[in-house]
Structures are given as structure tokens and as C-alpha cells.
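Chain residues, written in single-letter form:
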Amino acid sequence: MKMARIYSNKGEKPVIDQTKVLAFFEARAEKAKKHDVNYKQAVIYQDKKPDLAEARDQAEKTLLLPKFALTGEESFLDIGCGTGRWLHALCEQVAYYHGIDASNGLVEIAKQQFNQPHIRLTCLNAENVSLDSLSETQPFDRVLNVGVMMYLNEPELQKYLSAIPSLLAEQGLFIVREPIALEKRLTLDLHYSEDMEQSYSAIYRTEHELLELMSEAFDNKLKLIESDFVFKEAKLNHRSETKMKYFVFKAY
């Protein structure tokens, strides 16, 4: 089987096969439906370490939830909602929630858990997101991106990021949680995970590269107001080449 770890110099941008990325997520959904993994493990990828999946989930939510500055009146768009991992924390804290994911299987799992009238779940690729494609008429107070950009090649990513300003209401927040490469851009092309017993593909961009892409796409309509690493404890961040970061942007 083809497996590759590709380290890129500036300007080099290897691509990943989007159909294989989607197939990976549909396989994750099947694992969850068979109860081989729970709804958190399905999207955190710790199949053989459920305690680590739980600890990461709790640490991430404890850190980021206060940064959403929710009053209970906000409309919330969750891009890459997966199995509804964040929806469990948000369903009682927002006035309206719309979650989207490219994987129909993952969306089905989320729908099985939630049927409240203020919650909508849609199967939609991130690069196609817009108020029209969402059948929405009003922009959102909060938009969340958790681990979406790493699965998009540059054309899809640029299209996706360019849509963000039009999705946000004035003074709205765009919260990003993405893994970054610490040195060079790292592309995994059908890399086999012993823990998941699956091959997956992803692009880990450097922080500078990611911020440059977002700055260009946002065209001064969003301002970065905060960023930091997500996991402070070494046991939660055991990878040497990548680390999880969050970024909070505000619309003006």
C-alpha cells in the first residue's frame, strides 16, 4: 500500500485525494455505528485509548467554550460537526445551531442523538458553504471550525475561507482549532495508523502558512484577537511534529 510522509519547502504544496479523505470519514462512521468506537473516538481518532480521547475532549471544551462568549441568544454554525461532539456542549447554550459535515455517515450519527427544533444538521462540503447552500437568510453570531482545513487542498481551502466573512454577523466570532506543523509543512498521503487500523491523508500547515491563507481570504474583514496551544499537558499532546492550536477571529 502507498504511504507517504512529505515534508515541503516554501512553495511546495503536495495534494491529497479528496475522495479518499471522504472514504476515511465514512469508514469512521461505520466503526461508530458498529460500536467499535464511541462518537468522540470516531472523530478524535483514539480507538485503542478511550481515556485519552475523553481527556482531550474535556480539555479542549474546558479551554475553548468560554472563548465563545455565549449568552444563550446566539446563532451558531459548526463546520465539520462530525458526530455532534461539540453539539453536546452547545445544544443548551445557543438559540440556534446548524452543523455541517462532508460525511453523511457522521451526520447521521449526530442526527440520531439530537432532534430539537433549534438544531439543524446538513451534509455539505466545507468549500461549498454559504448562506444560500445552508438555506439560511441571516449570518451567524459564532462560527466554529474544528479540524477542517487539514483535509482541504489549497483551492478548496481558499474557497472555504473566502466564504467565512459573509457567514459572520457583525462582531461575530470565528473560532478555529487546527493542528499545525511545528517546522515544515507535513502532508500525510494514505498514512497507516496502528491505533485506528486505517489509512488517512491530511495536510499539516505551519502556523505562518495558515495565518497567511486566512489573512488573505478574510481581506481585513476579520481580525485575529487571540491564539494559543490547546493542550498544555504533555500527555495530551504526544506528537513531536505537530501541535494543536486555536485562533479566535472577530468580524468588524
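Just above, that's the structure.
Predicted model, so just to flag it, every value in this text is computed and none were measured. (Residues numbered from 1 in each chain as written. Predicted model: local features only at pLDDT ≥ 70, side-chain atom pairs only at ≥ 80, totals over all residues. Heavy atoms only, no water.)

Trainee: Is there a simple way to explain the sheet that holds strand S1 (residues 4-8) in this structure?
Mentor: The strands making up a sheet associate through backbone hydrogen bonding, with each pair oriented either parallel or antiparallel. Reading across from one edge, S1-S7-S8 is the order of the three strands in this open sheet, with antiparallel pairing throughout. The open sheet has two edge strands, S1 and strand S8 (198-204), and neither has a second partner. The sheet shows a mean angle of 5 degrees between the axes of neighbouring strands, direction not considered. Most of the contacts of helix H1 (residues 18-33) go to S8, to which it runs at about 130 degrees, and overall it touches strand S7 (185-193) and S8. (Pairing = 2+ DSSP bridges. Helix = DSSP H or I, 4+ residues; strand = E, 2+ residues; numbered from the N terminus. Axes fitted to C-alpha atoms, helices over the stretch in contact; angles between N-to-C directions. Contact = heavy atoms within 4.5 Å.)

Trainee: Looking at this structure, how should I read the sheet that holds strand S5 (residues 140-146)?
Mentor: Here we have seven strands laid out as an open sheet, ordered S4-S3-S2-S5-S6-S10-S9, and mixed in their pairing. Among the strands making up the open sheet, the edge pair consists of strand S4 (119-123) and strand S9 (222-229). Averaged over all neighbouring strand pairs, the angle between strand axes comes to 15 degrees, with direction disregarded. Bridging between strand S3 (residues 96-101) and S4 involves five bridges; their strand directions are parallel. Bridge pairing in S4 places Asp 101 opposite Cys 123.

Trainee: In this structure, what is going on with the nonpolar core? I would like to understand it.
Mentor: General note: in soluble globular proteins, nonpolar side chains tend to be found buried as a group. Of all hydrophobic cores here, the largest spans 32 residues; its most connected members are Ile 79, Tyr 160 and Phe 174. Looking at this core, the elements with two or more residues in it are strand S2 (75-79), S5, helix H6 (154-167), strand S6 (168-181), helix H7 (207-218) and strand S10 (242-251). Per-element accounting of this core gives the leading share, six residues, to H6. For Tyr 160, the residues in contact, after removing those within four places along its chain, are Ile 79, Ala 126, Glu 127, Val 129, Asn 145, Val 148, Met 149, Leu 152 and Phe 174. Within the second largest apolar cluster, 28 residues are counted, among which are Cys 91, Tyr 97, Val 230 and Phe 231. (Core = buried A, V, L, I, M, F, W, Y, C linked by side-chain atoms within 4.5 Å. Buried < 20%, exposed > 50% of the residue type's maximum accessible area, 1.4 Å probe, protein only.)

Trainee: Just to check I follow, could you spell out the pairing of S6 for this structure?
Mentor: Consecutive residues of a regular strand have side chains that alternate between opposite faces of the sheet. The element S6 is largely enclosed, with a buried count of twelve among its 14 residues. Relative to S6, S5 is paired through six bridges, and the arrangement is parallel. In the strand pairing of S6, Val 146 is matched with Arg 177. In this fold, the crossover linking S5 to S6 by way of H6 has right-handed handedness. Relative to S10, S6 is paired through nine bridges, and the arrangement is antiparallel. Within the sheet, the bridge partner assigned to Ile 175 lies in S10 and is Val 248. (Right-handed = clockwise from strand over helix to strand, strands pointing away.)

Trainee: Quick question: what am I supposed to make of the packing of H6 against H7 here?
Mentor: Angle between the axes and distance between the axes are the two parameters that describe a pair of packed helices. With their axes 8 Å apart at the nearest point, H6 and H7 run at an angle of 50 degrees to one another. Judged by the inter-axis angle, H6 sits oblique to H7. In terms of crossing hand, the pair formed by H6 and H7 is right-handed. For the pair H6 and H7, the contacting residues are Glu 154, Leu 157, Gln 158, Leu 161, Ser 162, Ile 164 and Pro 165 in the first and Glu 209, Leu 213, Met 214, Ala 217 and Phe 218 in the second. Partitioned by chemical class, the residues of the contact of H6 with H7 number eight nonpolar, two polar and two charged. (Parallel < 35°, antiparallel > 145°, perpendicular 65-115°, else oblique. Left-handed = near helix turned anticlockwise from the far one by under 90°. Nonpolar A, V, L, I, M, F, W, Y, C, P; charged D, E, K, R; others polar.)

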